Amino acid sequence: METAGCPSCGSREAEGVGFTWWGGVVGPKLLSHVRCAACGATYNAKTGGSNATGIALYLGAVLTLAVIIGLGVALMR
C-alpha cells in the first residue's frame, strides 16, 4: 500500500492494520492506521503523522457512549 512516508524511517510501503486493542476493527479504518513494512512503526497513512490524538478522541467517544448506554440501562430498571 502506497502511503505518506513513515515518520520513523521514511519508507512509503505500509500495510493496513486490521485490529487494535484501542479500536477493534473499526478504529484503524477510521484513522487510516497503517504499519510500516520496513520498521514496524504505526502511523496515519494519509498524513504520515501520529494517530495519538485521534486514538485519544476515539477512546473518549467510545467510553462516553458506553457510560451513557450504561446509565440508560440502569435507569430503565
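Our subject is the structure listed above.
Summary of the structure given here. Not measured: the values here are computed from a predicted model.

Side note on the side chain of Ser 11
- For Ser 11, the position within the fold is in the segment before β1 (14–16).
- Separated by 3.3 Å, the side chain of Ser 11 and the backbone nitrogen of Glu 13 make a polar contact.
- With near-sequence residues (within four places) excluded, Ser 11 lies in contact with Ala 4, Gly 5, Cys 6, Cys 36, Ala 38 and Tyr 43.

Regarding the sheet that holds strand β3 (residues 42–44)
- Strand order across the open sheet formed by three strands is β1-β2-β3, with antiparallel pairing between neighbours. Edge strands, defined here as strands with exactly one partner in the open sheet, are β1 and β3. Strand-to-strand, the axes of this sheet are offset by a mean angle of 40°, without reference to chain direction.
- Pairing analysis gives three bridges linking β1 to strand β2 (residues 33–36), with the strands arranged antiparallel. The residue bridging Ala 14 from the neighbouring strand is Cys 36, located in β2.

Definitions and cut-offs
- Residues numbered from 1 in each chain as written.
- Predicted model: local features only at pLDDT ≥ 70, side-chain atom pairs only at ≥ 80, totals over all residues.
- Heavy atoms only, no water.
- Helix = DSSP H or I, 4+ residues; strand = E, 2+ residues; numbered from the N terminus.
- Polar contact = N/O pair within 3.5 Å; in protein donor to acceptor, adjacent residues only side chain to side chain.
- Contact = heavy atoms within 4.5 Å.
- Pairing = 2+ DSSP bridges.
- Axes fitted to C-alpha atoms, helices over the stretch in contact; angles between N-to-C directions.

Geometric descriptors of this kind do not, in isolation, establish any biological role.
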